Amino acid sequence: MATLKEILTRRPVAATIRLTVPAGGARPAPPVGPALGQYRLNLMAFCKDFNARTQKYKSETPMSVTITAFKDNTFEFTVKSPSVTWYLKKAAGIESGSSRPGHVAASSVTLKHVYEIAKVKQSDPYCQYMSLESICKSVIGTANTMGIKVVKELE
């Protein structure tokens, strides 16, 4: 239950914007510019903050960002690590998954790859309270739906 002070100090939210932006590559051009511009947010402030937060990742790594725009033209944003499918495609060395998952295997990854992906995803805000084992099971399920085989060791 929120206290009266918390309720009175809440800022009214104008919108929640979800974007996928390359790490270190936020520029006030599309897709970032039009998405933030229609809510009159400071584009350069977002670009500088986003690029500073994502400088530890390789450039062109697709980062998912959720921006909360407030009615007083301020904003907050959270950056999530790249999607599990992107990590799996990089680990398997393929461009896309199988066209017929379950019938045709596109490639294979080891359990070590799955464990490393799960460790990275554990730092995400939505996964921080999940056990590493459950995140690994989720990654294996995603690999199966992409037609990527999970093996103990590569031959």
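Residue positions are counted from 1 within each chain, in the order its sequence is given. Local features are withheld for residues below a pLDDT of 70 in this predicted model, meaning they are given only at 70 or higher, and side-chain atom pairs are given and counted only at 80 or more; totals for whole chains, interfaces and linings count all residues. Based on all heavy atoms of the structure, the side-chain values leave hydrogens and waters out of the count.

## So, the pattern of salt bridges
One side chain can pair with another of opposite charge once the charged atoms of both are near each other.
Part 1: A carboxyl oxygen of Asp or Glu within 4 Å of a side-chain nitrogen of Lys or Arg is what we treat as a salt bridge. Counted by the stated rule, this structure contains two salt bridges.
Part 2: Between Lys121 and Asp124 there is a salt bridge, with the nearest N and O atoms lying 2.9 Å from each other. The pair Lys121 / Asp124 is uniform in exposure class, with both members buried.
Part 3: Between Lys137 and Glu133 there is a salt bridge, and its shortest N-O distance comes to 3.7 Å. Remark: Glu133 and Lys137 occur in helix α6 (residues 132–146); sequence separation between them is four residues, near one turn of the helix. Relative accessible area decides the class of each residue, using a 1.4 Å probe on protein chains only: under 20% of the type maximum gives buried, over 50% gives exposed, and in between gives partly exposed. Helix and strand definitions follow DSSP, with helices as H or I runs of at least four residues and strands as E runs of at least two, each counted in order from the N terminus.

## Some thoughts on the UniProt feature "domain: Large ribosomal subunit protein uL11 C-terminal" (unreviewed entry) in the chain
Part 1: UniProt positions are given in the numbering used here, feature names are shortened, and annotations may be inferred rather than shown by experiment. The sites that carry the UniProt feature "domain: Large ribosomal subunit protein uL11 C-terminal" (unreviewed entry) are, in the present numbering, residues 80–150.
Part 2: Segment residues 80–150 splits into 49% helix and 11% strand. End C-alpha atoms: 25 Å apart.

## Quick look at the side chain of Ser81
Part 1: Among the secondary structure elements, Ser81 is positioned in the loop between β3 (75–80) and α4 (84–92).
Part 2: Accessibility expressed as a relative area gives 4% for Ser81, which makes it buried.
Part 3: One polar contact links Ser81 to Lys121, side chain to side chain, over a distance of 3.4 Å.
Part 4: Contacts described as polar in this section are N or O atom pairs within 3.5 Å, which, within protein, must combine one atom able to donate a hydrogen with one able to accept it, while residues neighboring in sequence count only if both atoms come from side chains. Looking at Ser81, its side chain comes within polar contact range of the side chain of Asp124, at 2.9 Å.
Part 5: Residue contacts follow a heavy-atom distance rule, with two residues in contact if any of their heavy atoms lie within 4.5 Å. In this structure Ser81 touches Tyr57, Met63, Tyr87, Val120, Lys121 and Asp124, once residues within four positions along its chain are discounted.

## With respect to the packing of helix α5 (residues 111–121) against α6
Part 1: Comment: axis = line fitted to C-alpha atoms, over the contacting stretch for helices; angle = value between 0 and 180 degrees taken between N-to-C directions. Contact geometry for α5 and α6: axes closest at 9 Å, N-to-C directions at 120°. Here α5 and α6 pass one another in a crossing that is right-handed. Two secondary-structure elements touch here, α5 through Leu111, Val114, Tyr115, Ile117, Ala118, Lys119 and Lys121 and α6 through Leu132, Ile135, Cys136, Val139 and Ile140.
Part 2: Residues of the contact of α5 with α6, tallied by class, amount to 10 nonpolar, no polar and two charged. By definition, any crossing whose near helix is turned counterclockwise from its far helix by less than a right angle is left-handed, and any crossing with a clockwise turn is right-handed. Classes in brief: Ala, Val, Leu, Ile, Met, Phe, Trp, Tyr, Cys and Pro nonpolar; Asp, Glu, Lys and Arg charged; the others, Gly included, polar.

## Quick word on the packing of aromatic side chains
Part 1: Any two of the Phe, Tyr and Trp rings considered here, Trp counted by its six-membered ring, make a pair once their centres fall within 6.5 Å; the pair's planes then place it as stacked at under 30 degrees, edge-to-face at over 60, or tilted in between. Per the stated rule, a full pass over the model turns up five aromatic pairs.
Part 2: With centroids separated by 5.4 Å and ring planes inclined at 70°, the aromatic side chains of Trp86 and Tyr87 adopt a geometry described as edge-to-face.
Part 3: Accessibility expressed as a relative area gives 22% for Trp86, which makes it partly exposed.
Part 4: Following the ring pairs from residue to residue traces out a cluster consisting of Phe46, Phe50, Phe75 and Phe77.
Part 5: For Arg53, the ring lying beneath its charged end belongs to Phe77, and the centroid distance is 4.0 Å. Placement of a charge over a ring requires the Lys NZ or Arg CZ to be within 6 Å of the ring centre, with the centre-to-atom vector within 35 degrees of the ring normal.

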